Amino acid sequence: MNQMTDLSKTDTSPMLRVTDLTHKVSLEADTLTILQGVNLEINRGESVAIVGRSGSGKTTLLGLLAGLDTPSEGKVELDGSEISRLSEDERAMLRARRVGFVFQSFQLLPALSALENVMLPLELAGIEAPEKRARELLERVGLGERLSHTPRQLSGGEQQRVAIARAFASDPVILFADEPTGNLDNRTGQAVSDLLMDLNREQGTTLVMVTHDDRLAARCGRQLHIEAGVLTEPELVEEVSG
Amino acid sequence: MAASQKLMSVSRDWRERDVRVVLVALIIAVATVATIALFASQLQRTLVSSASSFLAADRQLEAENGRPVPAGWIEEARDRGIETGQMIEFSTMVFGESGFQLVSVKAVSDEYPLRGDIEVQSRAEGTRSIVGSGPAKGEIWINPRLLRLLELDVGDTLEVGNLKLEISNLLLREPDGGFRLSSLAPRVMMHVDDVPATGVLQEGSRVEYIYLFAGAENLLNDYYQWLEPQLEPSHEWEGVRDGETFSRSLERAERFLLLGGSLAVLLAAVAVAVASRQYALSQRDTVALLKTLGLTGKGIGRLYLRRLALWGVAGIIGGLVLALPLFWLLARMLGSVLERPVDIYLDPAALAPALLTALVSLFAFAYPPVRRLRNVPAMRVLRSQPGETGREAVPDLIIAVLAIFGLVWMYAGELALVASLLGGLVLLLAVLGLVGWLMVSVLRKVRGGGNAWRLALVGLYRHRQASMAQMAVFAMTLMLAATLVLVRSSLLDDWQAQLPDDAPNHFLINIAPDTVDEVDAYWAQKGSPLDTVYPMVRGRLTELNDQPVKEAVSKDERINALNRELNLTWMEDLPDDNRVVEGEWFAAGVTEGVSVEAELAERLGLELGDRLTFTIGSEQVTEPVVSIRTVQWDSMKPNFYIAFPPDGGLTDMPATWITSFHLGASNKVALNEFSRRFPTVSVLEIDHIIERIQDIVRQVTQAIEAILALILAAALVVMAAVVSATLRDRQREGALLRTLGGQQSLLVRSTMLEFALLGFVAGILGVLAAEAAVYALQVRMFEGSFQWHWEVMLPVPLISALLLALFGRWQLRPVLSVSPMLLLRRLE
Ligand SMILES: Nc1ncnc2c1ncn2[C@@H]1O[C@H](COP(=O)(O)OP(=O)(O)OP(=O)(O)O)[C@@H](O)[C@H]1O
Ligand SMILES: [Mg+2]
């Protein structure tokens, strides 16, 4: 398992390749095109920020990249597998082993303690000794004293730190974050993004992050703009990354 | 304000699952309770009317001293608006062309029978018909056997004393002739006004004056209040409820219905409580928002109160809309087997429990959690607050338990029932606490993994609070449902055992000692062998421990057995259905002592060793009590208060023999030949009555099954309500699990397993608690004996596990059918 992850991390093929992706949803009367003609390639270990106005399609794109949904048209290849070819269960397996998530609204389970929330993906991936790893991660994010607390007993920043610990728990190769600091005040947001970037570097994870926060976007290696469902990439950034 | 009212509108309500559950629970509660109460009231009326027909009236006053009662007594009854009628019963010789015969005469007034009807035949081979009154003056109706004995024909005359009467009908069945064995001689019926002209009644003849009364229950009771002080010991006031087989069967059915109704009330209360608590929790965000918009706690209280009231109205209307046709159907079913069906009557009083159930459910169970909504902090809008701890719900629980107690008590009116059920419930909760503690400490050790079993166990531990609450409700629901099913089967079994298809339906009375063997051989050869044949000696109990019995026993004790001649017998073996409760049955060779029936012994205050003196003809026999035994009075077999051992005190007393046996309809013709060969033997045909009882039992059984189905439906609603209480949380969890990479199949398997485990444990607890409750009920209420019901020990937990697994699967459905992306969007 770990070997496989290590192998993929030294691989030179792109982590994520999107070709001619278009996404539509049908509403009662007509169909709404949310994303149009998106082409994108993200290499292993890269960190990419997606910025754009509210309603421009960022969350939708992120979901498609992560295989939470399948596009109406086009191809998404995640770590070598074309996700629209996979069955729902195969996609679930892929997510369990390779993908981590951080959401704007944390998405912790209210019935579970901090520790249990972090253990959840480990159990799903069938990883041995899930509790030990979960404890380590919670200590790493500074919540070693709060293991048994439920989300309601934690502040927003603390909840997001639990969510980050959970995201890294199963040792993913790629991490998707949707406005991870969107619900937090400036300083807490700063602390959380520090934590996210640090862990990302330590684990050598590929990071795809949607954010409104220019400073956080600036800390990513690459920035993509999205407007009304169309993705553009400023030249400057390409030069830097090249 | 307009917007907030819109937020509260009923049509919007209906779209909310929790509200629907509350409403469905209310509707089922009202429907079940109303149907049962209406049907029980109908059954009660049927019972009274059928049992009344056994007396030919609602009440009888018997004067066994050979003198009419003062005319003023009867006038008083009429003045009070009570219908009255009169009969005179005596034995005499009648004379026909070709001989004479001892008959038992029943002379009746025009009003006879006040209840029930008479079945007659106008010619020997004619058709049977039902009539509503007895013979006119100058006419006499006779038993067909007498026709053969005296070689008479319809239309001939028969002399009763000095009076010649025309035989105008054959008397086949009289309503009040049911089970009494006093009529040894063939019956004739004549008009009461003809009696003086016969001249047979002299001072001192054995004659009974019987007065019939019918009317509203309260009138009769008031009248009896008035009459009682004036009654003499030889006067006996008889009501309808006294131990006829028929009324016993229906009484038990009635009790069963009451029990069923109580359980329905309990189930409904639980469903309403669970659903409304869930509803209240789901309303917290809305309330917080309304508060930030400036609505006061009071205003919020008012809004929700109005809402509850609306639900109440909707629940009651919905419930009645369901109950009325159902009741009508059941009552029709019951009516279809009665010869004279009681009109379907919508007893308004029977609706009261249903309305009360709805109101109490709403205000004792639904209101408390909703009321607490007023205290939701507005801050909740900004930051989700810690949820309710269980502590705030404790007063609710106390209110709820008291309300349940009160409701069931009011409904069933039986402390024993309430105590049995609540005792069972408390026991259940205690065991549940223990199991919960065990579960938590064992499951704590389980660690998750990709394996569905481990995930399920971990899931149980993680949702331990919800799991325990659900387990409590499931176990309770299962207990109630299982109790009902168990009581029902034992009730039906009892009925079946009491009146099997081959139950004795004919009595042979007055068999001369020297023809017993011949009679026995006759029926054996006809293929309808006799049950045990008992000797019967008629005698009175006159002294108790050498004191006149009427002095020995306190005056207030009105004891039937003392007022009339008793049928005494001797027997070697204890009849199968009798049970010795004190002392010992006669050992072989013992010739001393008597065995006394338990109820009589209790009423006379008899103890082992007490000496009883019987007067038989001119002789006296004195024997000590050596055993006290219970008797199955409704067994349709000869039963005796007093039994002697063979060769005991009764030897050499003038005895005739009596027996009962089953005679199939196809074999009935054998009776004709029998009457010719053994003209002195009386045949008491009760096959007709038994068929009627069997029919009624069948119909009541069906009604009970229908009501049981209704209650089981209520149980399912409760379960659905409880499962869906955690629906939102579980769906959120399911969505997230999928996002984090949980495979659908794993999710499905672990959820189903988790619920199945929950259901299994709840099933075991429920069955055990049901056994405890059934034990209490069986012993206290249904006078039955208790047995373990091994046959349900495994199926109930298994069914419960399966049912819950399916519920679990069903609630995962929305989580499985759409992409995780959409799920997350919905959950935001
Ligand atoms: N399932 C759906 N049905 C209807 N409309 C949808 C659906 N999914 C997305 N949309 C619409 O598509 C558009 C893009 O949505 P998306 O959530 O991707 O925006 P976003 O860029 O993440 O915005 P924000 O910054 O506010 O989170 C929005 O207008 C949204 O309403
Ligand atoms: Mg978004």
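Coordinates for the structure precede this section.
Residues numbered from 1 in each chain as written. Chains lettered and ligands numbered in written order. Predicted model: local features only at pLDDT ≥ 70, side-chain atom pairs only at ≥ 80, totals over all residues. Heavy atoms only, no water.

Draft legend 1. Structural view of the interface of chain B and chain A. Contact with chain B, which involves 34 residues of that partner, is made by 33 residues of chain A. Taken together, the two surfaces of chain B and chain A that pack against each other cover about 3,000 Å², and 58% of this comes from carbon and sulfur. Its largest share of buried area at the contact with chain A, chain B owes to R462, L740 and M821 of chain B, together 24% of the area lost on that side. On inspection of chain B and its partner chain A, the count reaches zero salt bridges. Ranked by residue count, the leading element in the side of chain B that touches chain A is helix α22 (residues 727-739) of chain B, at seven residues. Its residues placed into classes, the side of chain B that touches chain A shows 11 nonpolar, 14 polar and nine charged. (Contact = heavy atoms within 4.5 Å. Buried area = accessible area lost by both parts, 1.4 Å probe. Salt bridge = Lys/Arg side-chain N within 4 Å of Asp/Glu carboxyl O. Helix = DSSP H or I, 4+ residues; strand = E, 2+ residues; numbered from the N terminus. Nonpolar A, V, L, I, M, F, W, Y, C, P; charged D, E, K, R; others polar.)

Draft legend 2. Here's a closer look at the side chain of N578 of chain B. In this fold, N578 of chain B is placed in the loop between β15 (566-570) and β16 (579-583). Every residue in contact with N578 of chain B, bar those within four places of it in the chain, is listed here: R629, T630, V631, Q632 and N639 of chain B.

Draft legend 3. Geometry of the sheet that holds strand β8 (residues 206-210) of chain A. Residue and element names in this part refer to chain A. In spatial order, the strands read β6-β7-β8-β3-β9-β10; together these six strands make up an open sheet with mixed pairing. The two strands at the open ends of the sheet, each matched to only one other strand, are β6 (99-102) and β10 (230-232). Direction aside, neighbouring strands of the sheet carry axes that sit 20 degrees apart on average. Of the pairings in the sheet, the one linking strand β9 (residues 222-227) to β10 comprises three bridges and is antiparallel in character. Bridge pairing in β10 links I226 to L231. This element, helix α2 (residues 58-65), spans β3 (47-52), β7 (174-178), β8, β9 and β10 of the sheet and lies at about 160 degrees to β7. (Pairing = 2+ DSSP bridges. Axes fitted to C-alpha atoms, helices over the stretch in contact; angles between N-to-C directions.)

Draft legend 4. Spatial organisation of the site of ligand 1. For ligand 1, the set of nearby residues contains 16 residues, the closest of which are S54, G55, K58, T59 and T60 of chain A. Nearby residues around ligand 1 are contributed by chains A and B. Between ligand 1 and S54 of chain A there is a distance of 2.4 Å, counted from an oxygen atom to a side-chain nitrogen or oxygen. One of the side-chain nitrogen or oxygen atoms of K58 of chain A is found 2.8 Å away from an oxygen atom of ligand 1. When isolated, ligand 1 has an accessible area of 630 Å², and the protein chains bury 70% of it. (Near = heavy atom within 4 Å. Polar contact = N/O pair within 3.5 Å; in protein donor to acceptor, adjacent residues only side chain to side chain. Areas by Shrake-Rupley, 256 points an atom, 1.4 Å probe, with all protein chains shown as cover.)

Draft legend 5. Quick peek at the packing of helix α4 (residues 114-124) of chain A against helix α6 (residues 156-169) of chain A. Residue and element names in this part refer to chain A. For the pair α4 and α6, interaxial distance at closest approach is 8 Å and the crossing angle is 25 degrees. Here α4 lies roughly parallel to α6, going by the angle between them. Crossing handedness for the pair α4 and α6: right-handed. Contact with α4, carried on its side by A114, N117, V118, P121 and L122, involves V162, A165, R166 and A169 of α6 and no other residues of that element. In terms of residue class, the contact of α4 with α6 is made up of seven nonpolar, one polar and one charged. (Parallel < 35°, antiparallel > 145°, perpendicular 65-115°, else oblique. Left-handed = near helix turned anticlockwise from the far one by under 90°.)

Draft legend 6. Spatial organisation of the nonpolar core. Residues and elements named next belong to chain B. Within the largest apolar cluster, 143 residues are counted, with the highest numbers of intra-cluster contacts made by F39, L257, W311 and M479. Per-element tally for this core: the top contributor is helix α21 (residues 687-725), with 19 residues. Not counting residues within four places of it along the chain, the set of residues in contact with L257 comprises I36, F39, A40, L43, I704 and I707. (Core = buried A, V, L, I, M, F, W, Y, C linked by side-chain atoms within 4.5 Å. Buried < 20%, exposed > 50% of the residue type's maximum accessible area, 1.4 Å probe, protein only.)

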